[in-house]
Number of protein chains: 2
Amino acid sequence: MTGLRERQKAHRTRRILETSSQLFRQVGYGAVRIDDIARAAEISVGTFYNYFETKGDLLLAIVSMEVEEVHDFGKTLLADPPADVARALARLIGGYYDHSLVYLSKEMWRTAMAITIEAPATRFSTRFTDLDRMLTDQVCALLAELQRRAVVRPDIDTRALGEVVFNNLNAMFIEFVKDDAMTLPQLNDCVARQNAPLAALISC
Amino acid sequence: MTGLRERQKAHRTRRILETSSQLFRQVGYGAVRIDDIARAAEISVGTFYNYFETKGDLLLAIVSMEVEEVHDFGKTLLADPPADVARALARLIGGYYDHSLVYLSKEMWRTAMAITIEAPATRFSTRFTDLDRMLTDQVCALLAELQRRAVVRPDIDTRALGEVVFNNLNAMFIEFVKDDAMTLPQLNDCVARQNAPLAALISC
DNA sequence: CTTCAAAAATGAACGAACTCAATTATTTTC
DNA sequence: GAAAATAATTGAGTTCGTTCATTTTTGAAG
């Protein structure tokens, strides 16, 4: 049976996540103080730190939920990918990018990326890194699936290529969030151009 | 004629850079307080902020000097690259990695990378980003040079491929600095494996 | 229903990056 | 060379994330 403690803990975790992600979007991650979050979630500052290790850890929890949705999108695409390497990659990657910005600002992404590099050992930093690996696996799986369908040449190392493609799409996403002026279409065009020679080389 | 002010400014900038990079290496970036740097450089805290925008900006100034040396190494290699794509890339990338760790700890790299993402508008953050672009150009130039020498197929878009290769080597370097247990040989092997299919596909 | 131990909540206190109004040093002007 | 203008220095003060000793709440045992 779930005791009062357990229920309260779940309730408060949810409340912190909801109110803080709302605040982050409204006024920006940097402008929100722990005190603001505590006030909005109706807890004390000390209690906040019973639920999340740091302010950054909270952000990564929020961002991780978003990446999970991105990963789910990928799963549906992999079930029936376009029968063309360039097009399949563009659809997967474009989907990643689109989903990434529904609830999160560029500032939130910048901060999240920075934290996973600087503090990779925190609870949700680890979670985020795991999700990144899952997305890498997904890109590799797409190439493997296209290989199975005889769209990609059979002698290609899809694991190695997939890792390279993911690292590139991720690096370009970082460029994108670093530059407030850069738009999603520009990002997609840029990555498509980079993937073009690869796609051509590995296609049957 | 150089006035007293100009000379003092140059002298102090040098002094801050010297003492702080020594401190960063000795006790770690995180453990050094601005107050420590000010004391070591014989200035006040306020004066420190006349010379560098933030603590992170100072770190990026130090790291940038290092990246300049990495870039210089690349220039010498490009003058006479190995006549084999995989080997040429391994030599360039391996050289980058080796030079990167002579004076800088993994912690310093982690922090530096994090800052360029989170605060890309600071003076030395911009400098660092420029240097990154110069390294990208260098990788592209290597591929172009190999193409000129008929080692790389003439129909290859060396710009696009070079960007992908750089983004990948950079992403792997981030993985490397995030993981204290990862060694340089492991990093090199990993990237060589990733580059192998690319090298095979674009070779004449 | 009490008692007690364990878990959770609390907010004042701490530490460190950064700021700014006042002071001091240098350069320019007459 | 004195005075005015400009630039640089200073360190106490502010802000905000984080900690921790204390108090309060919860669940179990008798």
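Residues numbered from 1 in each chain as written. Chains lettered and ligands numbered in written order. Predicted model: local features only at pLDDT ≥ 70, side-chain atom pairs only at ≥ 80, totals over all residues. Heavy atoms only, no water.

Per an unreviewed UniProt entry, chain A goes by the name TetR/AcrR family transcriptional regulator and belongs to Paragemmobacter straminiformis.

Enquirer: Any chance you could explain the UniProt feature "DNA-binding region" (unreviewed entry) in chain A here in plain terms?
Expert: Under the feature "DNA-binding region" (unreviewed entry), the UniProt entry names residues 33-52 of chain A. Between the C-alpha atoms that bound residues 33-52 of chain A there is a distance of 14 Å. The span itself is 70% helix and 0% strand. (UniProt positions renumbered as here; feature names shortened; annotations may be inferred. Helix = DSSP H or I, 4+ residues; strand = E, 2+ residues; numbered from the N terminus.)

Enquirer: Got a minute to help me understand the side chain of Thr116 of chain B in this structure?
Expert: Of note, Thr116 of chain B is situated in helix 6 (residues 106-118). Since its relative accessible area comes to 4%, Thr116 of chain B is described here as buried. Setting aside anything within four residues of it in sequence, one finds Thr116 of chain B in contact with Lys178 of chain A together with Leu60, Ser125 and Phe128 of chain B. (Buried < 20%, exposed > 50% of the residue type's maximum accessible area, 1.4 Å probe, protein only. Contact = heavy atoms within 4.5 Å.)

Enquirer: Before we go on, may I ask you to explain the domain arrangement of chain A in this structure?
Expert: You'll often see interface size given as the accessible area lost when the parts meet. Residue and element names in this part refer to chain A. Per the domain assignment, the segments making up chain A are domain 1 (1-51) and domain 2 (55-202). Distance from the C-alpha centre of domain 1 to the C-alpha centre of domain 2: 29 Å. Facing the 14 residues of domain 1 at the interface are 12 residues of domain 2. Considering only the side of domain 1, the residues that lose the most area to domain 2 are Leu17, Arg25 and Tyr29, jointly responsible for 52% of the buried surface there. Counting across the interface, domain 1 meets domain 2 through 0 salt bridges. At the boundary of domain 1 and domain 2, one finds 6 residue pairs in polar contact (both at pLDDT 80 or more). (Domains from an automatic or database assignment. Buried area = accessible area lost by both parts, 1.4 Å probe. Salt bridge = Lys/Arg side-chain N within 4 Å of Asp/Glu carboxyl O. Polar contact = N/O pair within 3.5 Å; in protein donor to acceptor, adjacent residues only side chain to side chain.)

Enquirer: Hey, could you run me through the interface of chain A and chain B in this one?
Expert: At the junction of the two partners, chain A supplies 29 residues and chain B supplies 29 residues. Buried surface at the junction of chain A and chain B, both sides included, amounts to about 2,600 Å², of which 66% is carbon and sulfur. On the chain A side of the interface with chain B, the three residues burying the most area are Ile117, Lys178 and Leu201 of chain A, jointly 24% of the side's total. Counting the contacts that link chain A with chain B gives 7 residue pairs in polar contact (both at pLDDT 80 or more). Breaking the side of chain A that touches chain B down by element, the ones donating at least two residues are helix 6 (106-118), helix 8 (158-178) and helix 9 (184-202) of chain A. Taken together, the residues of the side of chain A that touches chain B sort by class into 15 nonpolar, 6 polar and 8 charged. (Nonpolar A, V, L, I, M, F, W, Y, C, P; charged D, E, K, R; others polar.)

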